[in-house]
Structures are given as C-alpha cells and as structure tokens.
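Residue strings, one per chain:
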Amino acid sequence: MLTYLAFAAAAAAADLAGAMLLTTAHRRGLAPLRYCVAAGAGFMLAAAFVRMLPEATQVPHAFLFVLIGYFGVHLFEHTVAPHFHFGEEVHPEALVDPAAGYLALLGLGVHTLFDGVAIAAGFMVSPALGALLSIAVFLHKVPEGFTIASVMLAGGHSHAMAIGAGAVLGVLTIAGALATSLVAEHHVGYALALSAGVTIYVAASDLIPEVNREGGPALGFTVFAGLVLFALADWLLTPLGAH
Ligand SMILES: [Zn+2]
Ligand SMILES: [Zn+2]
C-alpha cells in the first residue's frame, strides 16, 4: 500500500508542478510537454488495451464498467463543464462565468481521481502493472496541471487559485489511490475496468485530438513513440511479476 501511495503522491506533485510552471515566467518550457502528451496518448492506449482490459475481464460484466468509465469522463468533462479541452486554455470568452473554471476543475477532477485508481489497482495486481500504469499517468500529469491552471487563469481567477486547482487535482489522485485500497483484492478487476475506460477516453478523446489540433507530423509520430516506449517498459518490467 505504501508503494502505490508513494507513486500516487509523485503523480500529485506533477499536477502541482504543471500548475506552477504555467503561472511562472518560464512558460516557454511548456512547448516540449506537447511531446509528452503525444507519447502519453500512445502509451496509455497500449497499457489499456494490452494490460488493463485482459486483467479486468476476471470480473463479470467488466466491459460494462469500461463503458461506464469511458462515458463518465465524457459526462463530467464535456457536458457538466461548459468548456474544457486538454492543453493551454486560449478561449477566455468561453470562460466568462467564473463558475466555468470550477466546473472544468470538477470535470478534470473526476478523470484525476481515476489516475489514482489506476495506479493503486495496478499495484494490487502486480508490481509490473502498477509501474506501467504509473508511467502512463506520469506522462500526462504535468500537462494536466498546466491545463487546469490555464483554465483558471483564462476564467479570470488569480495565480494562487490556478496553483490551488493543480493542488486539488493532486489531492484527488491520492484520494483515488486511497479509495482503491479499500477495494477487496478479488474486486480489483472492477477498479481496473473503470480506470481502463477512463484511460481510453483521456488518451483517445482528450489527448489525441490535442495532438492533431496542434499539428505537425513530428508530433503525430510521437504517438507511435509512446507505443514503442510501452513495449520497452513492459518488457523491462516483466521480471517484476507476471501480468
Ligand atoms: Zn478553450
Ligand atoms: Zn490524468
């Protein structure tokens, strides 16, 4: 339990780091993060399809829970929140109501809760799966922190509020991991199925559109680099325990 709490805490720190990076003068440092988003999308989809889904099918109706995870994120990020997309927010006109910032935080918060669930559920199955899912989370964590900070700033909130929003996402990641620790060992498949649905949504419906919008073949190819990175990590981690 201490292991996955440590990984969840590190992921939480990355949320905070992303939010702080956006509110400092070093915003030019954000450009390379687009490549993290692209590689993260490839890595997350590979982890979900190749490792999370097969493991989740050990519980009945696993794919129903995958579907609930997938559309749960859609519900909170794209219907409850009036305006949300991954990446730096450049549409202040869409966020005139200060509540829009909080609703975006709620939407991203639901996804973030499941970042913690994925890490904890992974470690409950095997150290190898836990480490793989931690990498999948880390790859998009700093961009996630700067996304929420930029939404808050675009909505007219202060720098302190923007950093606070990043901290809230971090706390929710840890809360997700803690909540999963209460799940009985033989029910962990449900946590994996839900978080697989969330992971697929975040990668395919939040991150990949961001990669395509920003454009450029180099960025597009980086998605495949994420697949290669996954294959490499999976191969290196296998001695840690059977999947
Ligand atoms: Zn926008
Ligand atoms: Zn996330």
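Our subject is the structure that appears above.
In what follows, the accompanying structure is described. (Residues numbered from 1 in each chain as written. Chains lettered and ligands numbered in written order. Predicted model: local features only at pLDDT ≥ 70, side-chain atom pairs only at ≥ 80, totals over all residues. Heavy atoms only, no water.)

Attention shifts here to the overall build of the protein. Along the protein, the regular secondary structure elements total 8 helices and 0 strands. The secondary structure elements of the protein, listed N-terminal to C-terminal, are α-α-α-α-α-α-α-α. Against the 2.2 N^0.38 benchmark of 18 Å for 243 residues, the protein shows a C-alpha radius of gyration of 17 Å, consistent with a compact globule. Projected onto its principal axes, the C-alpha coordinates of the protein cover approximately 50 × 35 × 30 Å. Expressed as a percentage of its 243 residues, the buried residues of the protein come to 51%. Across the protein, every contact between residues at least 6 apart in sequence was considered, and the portion connecting residues at least 24 apart equals 84%. (Helix = DSSP H or I, 4+ residues; strand = E, 2+ residues; numbered from the N terminus. Rg over C-alpha atoms; globule rule 2.2 N^0.38 Å. Buried < 20%, exposed > 50% of the residue type's maximum accessible area, 1.4 Å probe, protein only. Contact = heavy atoms within 4.5 Å.)

The next point concerns empty space enclosed by the protein. Counting across every chain of the model gives 1 cavity of 30 Å³ or more. Roughly 90 Å³ of internal volume is contained in the largest cavity. In terms of lining, the largest cavity is formed by 16 residues, of which the most central are Met44, Asp115, Ala118, Val137 and Thr199. Every element with two or more residues in the lining of the largest cavity is listed here: helix 2 (33-56), helix 4 (98-125), helix 5 (127-154) and helix 7 (188-214). (1 Å grid on protein atoms, 1.4 Å probe; cavity = no way out; pocket = protein on both sides within 12 Å on 5 of 7 lines; lining within 4 Å. Points joined across faces, edges and corners; volume = space filled by probe spheres on them.)

Moving on, we come to unusual backbone geometry. One non-glycine residue, histidine 61, lies in positive phi territory at about 55°. Position of histidine 61 among the secondary structure elements: in the loop between helix 2 and helix 3 (62-80). Owing to a relative accessible area of 62%, histidine 61 belongs among the exposed residues under this scheme.

Volume-wise, the largest pocket comes out at about 160 Å³. Considering the residues around the largest pocket, the lining is formed by 13 residues, among which Arg34, Gly87, Glu88, Phe146 and Glu214 are closest to the centre. Of all the elements in the fold, those that place two or more residues in the lining of the largest pocket are helix 2 and helix 7. Across the lining of the largest pocket, the residue classes break down as 8 nonpolar, 1 polar and 4 charged. (Nonpolar A, V, L, I, M, F, W, Y, C, P; charged D, E, K, R; others polar.)

Right, let's get into the environment of serine 134. Looking at the element boundaries, serine 134 is found in helix 5. Separated by 46 residues in the primary sequence, serine 134 and glutamate 88 have C-alpha atoms spaced 23 Å apart.

This part takes up helix 6 (residues 159-181). Relative to the 33 Å expected for 23 residues at 1.5 Å per residue, helix 6 spans 34 Å between its end C-alpha atoms, a close match to the ideal helical length. Looking at helix 6, one finds that the buried residues are Ala162, Ala165, Gly166, Leu169, Gly170, Thr173, Gly176, Ala177 and Thr180. Looking at the buried side of helix 6, the elements it contacts are helix 1 (2-23), helix 4, helix 5 and helix 7. (Expected span 1.5 Å × (residues − 1).)

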